[in-house]
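# Overview (structure and organization)
The chain contents come next:
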Amino acid sequence: MMKFRFRRQGTDPQREKIKQELFAFNKTVEHGFPHQPSALAFDPKLELMAIGTKSGAIKVYGSPGVEFTGLHSDTTAVTQIQFLPGQGRLLSLLDDNTIHLWELVGGAPREVGGVKKEGVIILQEVDSYSLPGKPGIESCSATRVTVLLLLRSCDLLCIGTEGGGVYFLELPCLSLKDNLTLPQDQVTQSLPDDYRCGKSLGPVESLQEHPQQPGKILIGYSRGLVVLWDLSTRHTEQLFLGKQQLESLVWERSGNLFVSSHNDGGYSVWPVTNGNTCHQQPVSSTVPYGFLDGNEIRIAFYFGPFPCKAINKILWRTTQTGSPLLLYSGGMPRASYGDRHCLTIQRDKEHVTLDFTSRVIDFFTVHNVEQEKEFDDPSAVVVLLEEELVVIDLLTPGWPSLPTPYLAPLHSSAITCSFHVSSVSPKLWERLVNAGKAQQGRQQAHGRWPICGGKNLAPPPKQQELLLTGHEDGTVRFWDASGVALTPLYKLSTANVFHTDCDPCDEPHDPSDDPDMQQEEEWPPFRKVGCFDPYSDDPRLGIQKISLCKYSNKLLVAGTAGQVIVLGLSDERSEHTVDVSVVDLLQDREGFTWKGHDRLEPRLKPPPFPPGFQPQVLVQCMPPASVTAVALHAEWNLISFGTSHGFGLFDYHRRNAVLARCTLHPNDSLAMEGPLSRVKSLKKSLRQSFRRIRKSRVSGKKRPIATPTSKVQEANAALAEQEDVAPIQRRIEPRSADDSLSGVVRCLCFADTFLRDGTHHGATLWAGTNSGSVYAYALEVPGVGSGRVCERGGAGESSVCVEAVLGKEIQLMHRAPVVSISVLDGRGKPLPDPYEASQDLSIAPDMSNAHSVLIASEEQLKVFSLPKVSAKTKFKLTAHEGCRVRKVALVVFGSTAQEDYSEHTLVCLTNLGDMHLFTIPGLRPQVRHDCIRKEDISGIASCVFTKNGQGFYLVSPSEYERFSLSAKVVTEALCSVQLDRPLEHTPASDGSTTQANGTHKNQLGQAEGQTDEPPIALSSPLMDPPLSSPLMDTPLDSPLSCADLTLDSTGEITVEDVRDFLTTVDEAENNLKNIKEEEGRSTGILIN
C-alpha cells in the first residue's frame, strides 16, 4: 500500500505567528568606504558631508552613527553635489545631465528595543530637472552642465554649460529663470578685439560668488577668460584676460583678489579693483613645481619651468597669523612625478606635499563661514580619494592626519576572509583598544572629528561585537561592529614572523631613509598619507582562515602558504622566538610531487613584537598549500587545520603534532600543482562543465517514444520508489570519485560527544572533505571525558600526550562536498563554545540523552544519531530547490513577543544568493529570503553570519552590506538633524530599501518567491528595516582554497565558483524537465 509521506499539511496559524516574531529579513546598513566615489560636498552649518558614487548613490554622513543613503533611479554617475546650507537639502548633478533635489524628511516613528523613537530623519528625492537644449545639431553638448554654483541666498542655482552659457534655476521649485540667462555671445561682445580674435571662450569651468557682495559672480571660461558678472544689473563689471587654460577659481575672503589655477601646473593671483574694468596681467603667476629645487629665478633664467600637470582645484584661506593657507591638488612635474596623486598645503615656509596612493576626487576645508568673522582660520582639510577618505588636522603643528571613526578603507589590502565575534568581554575590548592606540603613536592626531552633524538616536549596543578581516598582505584587522559605524580598533601583522622579498628589517638602517630627513632634503617635500595599499610584498602572506577564542584570548591565523600561527594577547612589548613545527600531511605518500610555491621561511630572530596579539607557535603544513579550514579549542589547547592534501591536529601547549591524515585521491594531481596552474585547471573545469551540459541535453533529446508499454513501466517504477523519493525533486547524479581536488578539507569541528559508545563521551574531531567524506576521531585529552574538564598545564599532566584514534568514517553517496559539521546535544541544541560550559557562561549541554551530528553538504542537510551514525532526518536542498549550499550557520533567534523565548535555527546560504532557514534537529523549512544577487559570486563567498541572526557580505571590494534575519536584533541607522526649515514628513515606508551598489532589495522576507518591485523613491538604509541581530562567523571556504582566493570582486574567481555559475542555467532547464521524475538513486552513507 502506498504511503503518503509527502502529503502537504495545512498551515498552522500559531506557528506562522511565532515565525513572524522570530524572523524578519532586512538590509540595514553598509559598512566601509563607498565604491567608486565621484563627488563630494559639505554643509558647514549642519556639519554634514555627502559623497556621490558612479553607481548613482548619495551617502550623507555626520557624527558616528549618523548616516543617510539615497539612490537615483538610474545607475548613473554623480558628478557634482551642492548642499543648501542649514536646510537639509542637497542638489546632485548626474552624468546624464539631470539635476536632482534631495531632502531630509521626517520618517514614521520607530520602535527599537521596546522604545519608541520620534524624530527619525530619512533622505528622499523630491524633484529633478533637465536643462532644455536649443534646436540644432550641437544642442546636447551646448547645454551639457559643467559646473554648479549655489548663491548664498539659497534661492538661485547658477549652471555653467559646455557651450559657455550660464543658466539660473529658482530653488527649491527647480524652475528656469529665462530672463537671467547669460549666453556666451553677450560676454564676447564686451571683450577687446585683440582678445576676441574669433576664438570661442570654451566651456564654463568655474563659478564663484563674491564673498562680500552677493549677486556678483566670477565666471571662468576654459580659454582663460574670467568675468565678474553683476546679476542685478546684468552687465560685465570687470574682465580678467587670462591666456592659460583655466581649471578652477577661488575668492580671497575679503573679495579684493581671487586665485586661478591652470593646466600648466601654475596659479595666478588677480586683483579686484573698482577703477580698472579690464586686467591684462595678474599680480603674480607661480608654477610651484616647475623647478627642481624651488629656485625659480636661477633656473627660469636658463631653462624656464618644467612641464607640469594641471592644478585641478585650488583653495585660498586666510589665517590670523597673516599668512594665507594655500591648498591645491595636482601640479606635479610630468616627467618625474606625473604618476603621483598629491595635495599640496603651503603657508609661509611651511610646504608639504601629501602623497596618496589613489586619485584625488575632491577636497574641502572646514573653516569659519560666518560673515562677521574676519579670517577663514581653517581647522581641517577633508580629502576624498578614489579608495579612502583622509582628514588632515590643520591646527596641530606638522599637519598630521586624523583617525577616521568610519569610512575606513576595508580594502586597504584586499579582503580574503572574515570572522565575527559577539558578546566580547569589556576586559578584552579594552586591551584591544589600548593595543590599537599604541600602534597609532605619533602618526595621527587626536583632534576633534570635523564631520559631526546630526544626532544618533539608536540605543547604545547591548554587547560589543568584533569583526575580524584577513587581508592579502598578511594582516588581520579588528573592527568595532557593534553599531552603524564600523570603526577600526587594532591591526595585527604576521609578516614580521617570516622573511619576505621586500623586508626592511633584513637591511641595515640608513639615516637617509628617515622621513624627517627626506622632508628637508627632497623636493617636492612628499609625505606618504593614507592607509590604502593594494600591493602585497609576498602573496603567500595572505590570510585564509581566522578563529578567535574570546575567553582565552587565543587567536588562530592560517595563510596561503600553509602557515598556521597561534597567537596570544599581551599588553607588553616582547622579544621572544617563535616555536616552529612542520607537519607533513602527505605522510610519505608516493607518486605526489608539490609543484606550487615554496613555504615562507620563518625568522630565526624576529623583531620585537608590539603590544597586542603576539605569535607563540608556527605550524607549517607540508606541502605548503593554502589552508582551507581551521578549528580552535582553547580549553583543550588543540588546533586543527586542513588543506587540499589532508588535515592535521596539533597540541600547541606541548608543541607536538597529534595527527596528520592525508585525504588525497590517487587522481588528485591537480591538488599538487598549486595556484600557479590555475589557468589550466580553469580550462579543465570549463571543459568538464560544457561536456556535462552537452551530455544532459543529448540525453534529454534521446528519450524513447512514449508507448502504452513504456508508460506502464514508468508508472510501475515510480510506484516502486514512491516511499523514498518525493514527487517533486530534481534528478541528482552522483559525483565521480575521480574529480580533481576531492581531497580538499572543507570543514573541521571539535566536540565533546559520544563516538565510541552511548555511555562514555569524550573529545572528538570531525573533518569533512570535498568528496563527501567525513572523518570522526576520538581524542584522548588529559582531564577531558565523562563530564570531567579541568585546567591543563599541571605537572602531572605535562608528560601525558594527546592521542587520536579514528572512530568513524562516513561517505556520502553523492559525494557532495561537506560544507559544515555540527554536533547537537540531547536536546537538539548546538554544543557550547569552549569555556562556556566549564565556566558557567551558558547552559550546560545535555549529556544524558543521545547526541546527533548535523552534516551539511552542498546538496542536502542530514542529521545522524550518535554513536551509531544512523540517519534520523534530512532535507535535499538541491533536489527540492535546485540550488547548492555555500554557507551554513547555527543561529539563535529571539522572539519579539516573549523575552525568554528563542529558537536555534539552521541558516543556509545557497549559490543563488538566497537564505533558507530550518529548524533543528527536525530540518523543517521556515522561511526563505532573497539576499544576494546570484551573479555576485564574491558576495556569496564572503558572507559571514553572527550568532544572533545578522550577517555581512561584500557588496563591493570596499563595502560590507549588513543584513538581519532576526525580528528582534537589528543594527540600523536611526538619526535626526536640526534643520533651518520646517521638517516635512513622509508617509510610512513600504519596507523597501535601496543599496548603493545600484540594486534594489525588498526588506520584507517571504516564505516563497519574490516580492513586488520596489518603487523608484529612494530612502536611507534606516528607512524601515524591522529589526536585526549580531554576527557569527563563516570564513571564506571555497573548494579551491588551495589556490589563492581573494574576496575582491575584481579579483580572481575560483574554479568551483565558475563551475557552479556556469551550470546553474542548465540545471534550471533540466530541473524543469525532470520536475516530476523520481531521483534514480537516493543519497546515503557508507560507514566503515
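Residues numbered from 1 in each chain as written. Predicted model: local features only at pLDDT ≥ 70, side-chain atom pairs only at ≥ 80, totals over all residues. Heavy atoms only, no water.

## Examining the pairing of strand β61 (residues 959–966)
Residues in a regular strand point their side chains to alternate faces of the sheet. Taking burial as the measure, the eight residues of β61 include eight buried ones, the bulk of the element. Bridging between strand β1 (residues 23–32) and β61 involves seven bridges; their strand directions are antiparallel. Each bridged residue has a counterpart across the sheet, and for glycine 32 the counterpart in β61 is glutamate 959. The sheet contact formed by strand β60 (residues 950–956) and β61 spans six bridges and is antiparallel. Following the sheet pairing, serine 956 is matched in β61 by glutamate 959. The turn joining β60 and β61, which pair antiparallel and follow one another in sequence, is formed by two residues. (Buried < 20%, exposed > 50% of the residue type's maximum accessible area, 1.4 Å probe, protein only. Helix = DSSP H or I, 4+ residues; strand = E, 2+ residues; numbered from the N terminus. Pairing = 2+ DSSP bridges.)

## Considerations on the nonpolar core
If you look at the biggest cluster of nonpolar residues, it comprises 34 residues, and the most contacted ones within it are Ile345, Phe356, Val381 and Ile392. Contributing elements (two or more residues each) for this core: β22 (267–271), β25 (311–317), β26 (325–330), β27 (341–347), β28 (350–356), β29 (360–366), β30 (380–385) and β31 (389–393). Once residues within four sequence positions are removed from consideration, isoleucine 345 is found in contact with Leu325, Leu326, Leu327, Glu350, His351, Val352, Leu354, Val381, Ile392, Leu394 and Trp399. (Core = buried A, V, L, I, M, F, W, Y, C linked by side-chain atoms within 4.5 Å. Contact = heavy atoms within 4.5 Å.)

## Things to note about helix α1 (residues 13–22)
Residues of α1 that are buried include every one of Ile18, Lys19, Glu21 and Leu22, and no others. The buried side chains of α1 occupy one side of the element, clustering within an arc of 160 degrees when seen end-on. The outward face of α1, more than 90 degrees from its buried face, is lined by the exposed residues Pro13 and Gln20. Elements in contact with the buried residues of α1: β1, β55 (885–894), β56 (902–910), β58 (925–930) and β61. (Arc of directions from axis to C-beta.)

## Focus: the sheet that holds strand β44 (residues 638–642)
The strand order across the open sheet built from four strands is β43-β44-β45-β46, with neighbouring strands paired in antiparallel fashion. In this open sheet, the two strands that pair with only one neighbour each are β43 (629–633) and β46 (656–662). Sheet twist, expressed as the mean angle between neighbouring strand axes with direction ignored, is 10 degrees. Note that β43 and β44 share five bridges and pair antiparallel. Bridged to histidine 633 within β44 is leucine 638. (Axes fitted to C-alpha atoms, helices over the stretch in contact; angles between N-to-C directions.)

## Focus: the pattern of salt bridges
Under the definition given, this model contains 31 salt bridges. Between glutamate 47 and arginine 448 there is a salt bridge, with its nearest N and O atoms 3.1 Å apart. Residue glutamate 47 is found in the loop between β2 (37–43) and β3 (48–53), and its partner arginine 448 is found in the loop between α7 (426–440) and β33 (455–456); the two are separated by 401 residues along the sequence. Residue classification places glutamate 47 among the partly exposed residues on the basis of a relative accessible area of 24%. A relative accessible area of 59% places arginine 448 in the exposed class. Between arginine 661 and glutamate 809 there is a salt bridge, and its shortest N-O distance comes to 3.8 Å. Here the residue arginine 661 occupies a position in strand β46, and glutamate 809 occupies one in strand β50 (residues 803–812), the gap between them amounting to 148 residues. When salt bridges with common partners are traced through the structure, they connect Glu30, Lys59 and Glu959 into a single cluster. (Salt bridge = Lys/Arg side-chain N within 4 Å of Asp/Glu carboxyl O.)

## Observations concerning the packing of aromatic side chains
Counted by the stated rule, this structure contains 22 aromatic pairs. Centroid distance phenylalanine 647 to tyrosine 777: 6.0 Å. Interplanar angle 75 degrees. Geometry classified as edge-to-face. Here phenylalanine 647 is found in strand β45 (residues 646–651), whereas its partner tyrosine 777 is found in strand β49 (residues 773–780), with 130 residues between them in sequence. By relative accessible area, which is 0% here, phenylalanine 647 ends up buried. Judged by its relative accessible area of 5%, tyrosine 777 is buried. Counting every residue linked through ring pairs, the aromatic cluster contains Phe25, Phe945, Tyr953 and Phe963. Taking NZ or CZ as reference, arginine 340 lies 4.3 Å from the ring centre of phenylalanine 526, over its face. (Phe/Tyr/Trp six-rings, centres within 6.5 Å; stacked < 30°, edge-to-face > 60°. Lys NZ or Arg CZ within 6 Å of the ring centre and 35° of its normal.)

## Concerning the confidence of the model for the chain
Here the chain averages 81 in pLDDT, and 76% of its residues register 70 or above. Low pLDDT (under 50) marks residues 294–304, which in the prediction has 11 contacts with non-local residues, meaning those over four places away or in another chain. (pLDDT = per-residue confidence, 0-100.)

## A look at α7
Compared with an ideal rise of 1.5 Å per residue, which puts 15 residues at 21 Å, α7 spans 21 Å between its outermost C-alpha atoms and is within 8% of the ideal. Buried residues of α7: Leu428, Trp429, Arg431, Leu432, Ala435 and Gly436, and no others. Taken around the axis of α7, the buried residues stretch over an arc of 165 degrees, which confines them to a single face. Exposed residues on α7 whose side chains face more than 90 degrees from its buried face are Pro426, Lys427, Glu430 and Lys437. Next to the buried residues of α7 lie β32 (415–424), β34 (464–471), β35 (475–480), β36 (487–493), β40 (563–570) and β42 (612–622). (Expected span 1.5 Å × (residues − 1).)

## Comments concerning the sheet that holds strand β53 (residues 861–865)
Taken in spatial order, the four strands make up an open sheet running β51-β52-β53-β54, and their pairing is antiparallel. Each edge of the open sheet is held by one strand with a lone partner, namely β51 (818–824) and β54 (870–875). Strand-to-strand twist in this sheet, taken as the mean axis angle between neighbours without regard to direction, amounts to 20 degrees. Where strand β52 (residues 852–857) lies against β53, five bridges are found, and the strand directions are antiparallel. When the sheet's bridge partners are listed, leucine 854 is paired in β53 with valine 863.

## Details of the environment of histidine 916
Its place among the elements puts histidine 916 in strand β57 (residues 914–919). Taking C-alpha positions, histidine 916 is 8.1 Å from leucine 906, a pair spaced 10 residues apart along the chain. Beyond its immediate chain neighbours, meaning those up to four positions away, histidine 916 contacts Leu877, Glu881, Cys883, Leu906, Val907, Cys908, Thr910, Val927 and Arg928. Side chain to side chain, histidine 916 and aspartate 914 meet in a polar contact 3.3 Å long. (Polar contact = N/O pair within 3.5 Å; in protein donor to acceptor, adjacent residues only side chain to side chain.)

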